[in-house]
Amino acid sequence: MESEVKKPFLIGVAGGTASGKSTVCKRIIGKLGQAEVNDQQRQVVSISQDSFYRELTQEEKLRAQKGRFNFDHPDAFDEKLMYTTMKDILEGKKVTINSYDYRTNSICPNKTVTIYPADVVLFEGILVFYFPEIRELFHMKLFVDTDSDTRLARRVPRDINERGRDLDQVLNQYMLFVKPAFEEFCSPTKKFADVIIPRGADNTVAIDLIVHHINDILHPTASLNGLNGHSNVAIDLIVQHIRDFLSNRLSLDALTLSPTSTPALNGAAINGSRGKNIFFNGDPNYRPH
Ligand SMILES: Nc1ncnc2c1ncn2[C@@H]1O[C@H](COP(=O)(O)OP(=O)(O)O)[C@@H](O)[C@H]1O
Ligand SMILES: O=c1ccn([C@@H]2O[C@H](COP(=O)(O)O)[C@@H](O)[C@H]2O)c(=O)[nH]1
């Protein structure tokens, strides 16, 4: 008998550099109890767009070493490889992806990672919503929206401590490429997101809502509300939030649905009991910042 093919629910997680994309993915995986599960058994896996940086020419490598190569431009990625890999994942195939080395600005030779078929796959990166064909593959799109001061303040120590850079290099690269490319290519893709997560992993309400949603996908029979995880993400999450809220017997007064949460849901916001906002982006023109 043929074994069952796992066709996963694919979630895109976009956001500027150091916005907290990988931390959000780790937090989701941890809350789903998947962090300690071995690679072959995992139901929820995360893949970074960094694995799809293309190989540089010799001339580009020399520029990269001087901080003069634009790693924030869409051309820095192998779009075709990203697309075929995501298609294979969606067909339930086992795939092999590259490991990327920031210190050498290149793919690690002889080091790949096997991604086994899973129920939920998170694909995170600065430009995961940029390429239309890839964008259309996602069942759910999240945008981690952290202000640029915070992102720069995080990127500087990270690049110095973990990516082998010095302060001048990090700041030059940021001013020359990272900031302009964020404004031109990354930030405009926020409008494609189903859910915008202000403050990334600090936003526990948003993370909990997303975890609930994924749990419903992983355990459909356990779902209290019979929601369809592939359809209206914003409405599903709001309904779940209200159900949880009521079942936890918290004060109804603390929950305020924004006036924009009309049936049309053109950019609804929930103000949670701890004053944490989650934006459900139904409106392409909606911008929290
Ligand atoms: N909510 C947070 N509070 C404090 N530091 C954070 C938070 N989220 C991420 N970081 C730190 O900021 C840096 C970038 O986070 P990361 O999740 O790798 O961002 P991205 O994947 O968007 O580049 C890391 O050093 C991480 O530990
Ligand atoms: O060789 C490289 C490749 C990429 N970068 C920078 O990395 C970030 C994307 O990674 P995040 O984890 O989302 O921050 C991008 O802004 C590139 O500038 C690099 O410096 N060197």
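Residues numbered from 1 in each chain as written. Chains lettered and ligands numbered in written order. Predicted model: local features only at pLDDT ≥ 70, side-chain atom pairs only at ≥ 80, totals over all residues. Heavy atoms only, no water.

- An unreviewed UniProt entry lists the protein under the name uridine/cytidine kinase, from Clunio marinus.
- The record held by UniProt for the protein lists under Sequence similarities (unreviewed entry) the comment "Belongs to the uridine kinase family." (UniProt positions renumbered as here; feature names shortened; annotations may be inferred.)

## Details of helix α6 (residues 167-186)
Move 1: For α6, spanning 20 residues, the distance from its first C-alpha to its last is only 24 Å, which falls clearly below the expected 28 Å at 1.5 Å a residue.
Move 2: The largest bend along α6 reaches roughly 50° and is located at tyrosine 174.
Move 3: Residues of α6 that are buried include every one of Val170, Gln173, Tyr174, Phe177, Val178, Ala181, Phe185 and Cys186, and no others.
Move 4: On its buried side, α6 packs onto β1 (9-15), β6 (140-145) and α5 (148-162). (Helix = DSSP H or I, 4+ residues; strand = E, 2+ residues; numbered from the N terminus. Expected span 1.5 Å × (residues − 1). Bend = angle between axes of the 7 residues up to and from the residue. Buried < 20%, exposed > 50% of the residue type's maximum accessible area, 1.4 Å probe, protein only. Contact = heavy atoms within 4.5 Å.)

## Let's talk about the site of ligand 2
Move 1: Taken together, 17 residues are adjacent to ligand 2, and Thr17, Asp72, Tyr100, Arg155 and Arg158 come closest.
Move 2: At a separation of 3.0 Å, an oxygen atom of ligand 2 approaches a polar side-chain atom of asparagine 105.
Move 3: The contact in question runs from an oxygen atom of ligand 2 to an N or O atom on the side chain of arginine 163, over 3.2 Å.
Move 4: Summarising the interface, the protein chains cover 96% of the accessible area of ligand 2, which totals 470 Å² for the free molecule.
Move 5: Among the cavities detected, the one that contains ligand 2 is the largest pocket.
Move 6: When contributions to the shell around ligand 2 are tallied by element, the ones reaching two or more residues are α5 and α6. (Near = heavy atom within 4 Å. Polar contact = N/O pair within 3.5 Å; in protein donor to acceptor, adjacent residues only side chain to side chain. Areas by Shrake-Rupley, 256 points an atom, 1.4 Å probe, with all protein chains shown as cover. 1 Å grid on protein atoms, 1.4 Å probe; cavity = no way out; pocket = protein on both sides within 12 Å on 5 of 7 lines; lining within 4 Å. Sits in = over half its atoms within 2 Å of the grid points.)

## Things to note about helix α1 (residues 21-31)
Move 1: Among all positions of α1, only Lys21, Val24, Cys25, Ile28 and Ile29 are buried. Down the axis of α1, the smallest arc covering the buried residues is 135°, so these residues share one side.
Move 2: Looking one or two residues past α1, glycine 33 carries a phi angle of roughly 70°, positive in sign. (Arc of directions from axis to C-beta.)

## Observations regarding the site of ligand 1
Move 1: Close to ligand 1 lie Gly16, Ala18, Ser19, Gly20, Lys21, Ser22, Thr23, Arg154, Arg158 and Asp202, which account for all nearby residues.
Move 2: Serine 19 has a polar backbone atom sitting 3.1 Å from an oxygen atom of ligand 1.
Move 3: At 2.8 Å, a side-chain N or O of serine 22 approaches an oxygen atom of ligand 1.
Move 4: Protein chains bury 69% of the 550 Å² of accessible surface belonging to ligand 1 in isolation.
Move 5: With respect to the detected pockets, ligand 1 is housed in the largest pocket.

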